[in-house]
Amino acid sequence: MNKKTEAKVDDLIAGLWKKGLPSLRERLDLLDRAAAEASAGAIAEATRAEAHSIAHKLAGNLGMFGYPQGSEVASKIEHICKAPTPEGLASLAALAKQLRKSLAPDI
Amino acid sequence: MRRILIIDDEDDIREVAALSLEATAGWQILTANSGAAGIEIATTEQPDAILMDVMMPEVDGPTTFRIMQENPTIAHIPVLLLTAKVQGVDQRRFAGLGVNGILFKPFDPLTLAQQISDILGWKVGSPDPLPPLPSS
């Protein structure tokens, strides 16, 4: 692949990333709420299910935008929300924070 | 020109895959956001291959694939599953369905076309293969 095509793809993806930032922020806010509920010891089933769905999507797409570490952290959150354990739920807040950090400076 | 149908409920995946395949391979891209919509488009448009997400609401990828296999008008179209799951057991389960290949998310937009081509034995940027000569 020539450099021109590579640059074109990079530009297009950068545009999609910028376009999707408001939606991404909403998703991260939801993960923060799920983590807060989990830390308080009472995560609602609907919140857990939504956090699982969002984490699954982020695990699948952050890497294509150049954030492989974000995908890895989201994957950990996905697995915790899929089969929650007390230890896993207790780590959600730290993982949610780590996820935001991995997306800096955009987030 | 190759025509690829992307079936995924996630907008970002459809958009990134579409633009990367168009830009890097010059393929024409069709998209659907559900298995049901994908079956409809595959039937009417007859794409050269289908790239389909595993986890979708309502009808998931493996179920959509089984439905496609029961439809003789689209059963011949190669299907590649797109999944975020990387466990060996999942790979074997999906391969056991009879799909042509499995690709993992997140994918690299710059090499996605090459990955698809490698699995399907296509040369990136090449025209469609010539039809077989009629037997004499």
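Description of the structure in this document. (Residues numbered from 1 in each chain as written. Chains lettered and ligands numbered in written order. Predicted model: local features only at pLDDT ≥ 70, side-chain atom pairs only at ≥ 80, totals over all residues. Heavy atoms only, no water.)

1. Things to note about the overall build of chain B
Piece 1. A count of helical and extended segments in chain B gives 5 helices and 5 strands.
Piece 2. Sequence-ordered secondary structure for chain B, helices as α and strands as β, is β-α-β-α-β-α-β-α-β-α.
Piece 3. For chain B, the residues scored as buried account for 49% of the 136 residues in total.
Piece 4. Residue pairs at least 24 apart in sequence account for 64% of intrachain contacts in chain B once pairs closer than 6 positions are excluded.
Piece 5. In the form shown here, chain B has an accessible surface area of approximately 6,500 Å², with 54% of it arising from carbon and sulfur atoms. (Helix = DSSP H or I, 4+ residues; strand = E, 2+ residues; numbered from the N terminus. Buried < 20%, exposed > 50% of the residue type's maximum accessible area, 1.4 Å probe, protein only. Contact = heavy atoms within 4.5 Å. Areas by Shrake-Rupley, 256 points an atom, 1.4 Å probe, with all protein chains shown as cover.)

2. Quick look at the pairing of strand β4 (residues 79-83) of chain B
All names here are of chain B.
Piece 1. Most of β4 sits inside the fold, with 5 of its 5 residues counted as buried.
Piece 2. By the alternation rule, side chains of β4 split into Val 79, Leu 81 and Thr 83 and Leu 80 and Leu 82, which are all buried.
Piece 3. Bridge analysis of strand β3 (residues 49-53) against β4 gives 4 bridges, and the strand direction is parallel. Residue pairing for β4: Met 52 is matched across the bridge by Leu 81.
Piece 4. Note that the unit made of β3, helix α3 (residues 61-69) and β4 has a crossover that is right-handed. (Pairing = 2+ DSSP bridges. Right-handed = clockwise from strand over helix to strand, strands pointing away.)

3. Here's the deal with the side chain of Thr 24 of chain B
Piece 1. Within the secondary structure, Thr 24 of chain B sits in helix α1 (residues 11-25).
Piece 2. At 2.6 Å, the side chain of Thr 24 of chain B forms a polar contact with the backbone oxygen of Ser 20 of chain B. (Polar contact = N/O pair within 3.5 Å; in protein donor to acceptor, adjacent residues only side chain to side chain.)

4. Looking at the sheet that holds strand β5 (residues 101-104) of chain B
Residue and element names in this part refer to chain B.
Piece 1. Reading across the sheet, the 5 strands line up as β2-β1-β3-β4-β5 and stay open at both edges, with parallel pairing between neighbours. What marks the edges here is a single partner per strand, and that holds for β2 (28-32) and β5. Direction aside, neighbouring strands of the sheet carry axes that sit 25 degrees apart on average.
Piece 2. The sheet contact formed by strand β1 (residues 3-7) and β2 spans 5 bridges and is parallel. (Axes fitted to C-alpha atoms, helices over the stretch in contact; angles between N-to-C directions.)

5. What about the environment of Met 68 of chain B?
Piece 1. Within the secondary structure, Met 68 of chain B is located in helix α3.
Piece 2. The residues contacting Met 68 of chain B, other than those within four sequence positions of it, are Ile 7, Gly 38, Ile 39, Ile 50, Met 52, Ile 74, Ala 75 and Val 79 of chain B.

6. Observations concerning the pattern of salt bridges
Piece 1. Evaluation of the coordinates by the stated rule reveals 10 salt bridges over all chains.
Piece 2. Between Asp 29 of chain A and Arg 100 of chain A there is a salt bridge, and its shortest N-O distance comes to 2.7 Å. Of this pair, Asp 29 of chain A sits in helix α1 (residues 3-39) while Arg 100 of chain A sits in helix α4 (residues 86-102), and the two are 71 residues apart along the sequence.
Piece 3. By relative accessible area, which is 22% here, Arg 100 of chain A ends up partly exposed.
Piece 4. In this structure, Lys 105 of chain B engages Asp 8 of chain B in a salt bridge whose closest nitrogen and oxygen atoms are separated by 3.6 Å. (Salt bridge = Lys/Arg side-chain N within 4 Å of Asp/Glu carboxyl O.)

7. Details of helix α2 (residues 35-45) of chain B
Every α-helix carries 3.6 residues per turn, so stepping three or four residues along brings you back to the same face.
Residues and elements named next belong to chain B.
Piece 1. Those residues of α2 that fall on the buried side of the exposure criterion are Gly 35, Gly 38, Ile 39 and Ala 42. For α2, the arc enclosing every buried residue in end-on projection is 100 degrees, short of the 170-degree limit, so these residues lie on one face. Turned more than 90 degrees off the buried face of α2, the exposed positions are Ala 36, Glu 40 and Thr 44.
Piece 2. Looking at the buried positions of α2, the neighbouring elements they touch are β1, β2, β3 and α3. (Arc of directions from axis to C-beta.)

8. Let's talk about the environment of Ala 74 of chain A
All names here are of chain A.
Piece 1. Examined against the element boundaries, Ala 74 turns out to sit in helix α3 (residues 68-82).
Piece 2. A relative accessible area of 0% places Ala 74 in the buried class.
Piece 3. With 11 residues separating them in the primary sequence, Ala 74 and Gly 63 have C-alpha atoms 10 Å apart.
Piece 4. Ala 74 has contacts with Ala 55, Leu 58, Ala 59 and Leu 99, leaving out every residue within four places of it along the chain.

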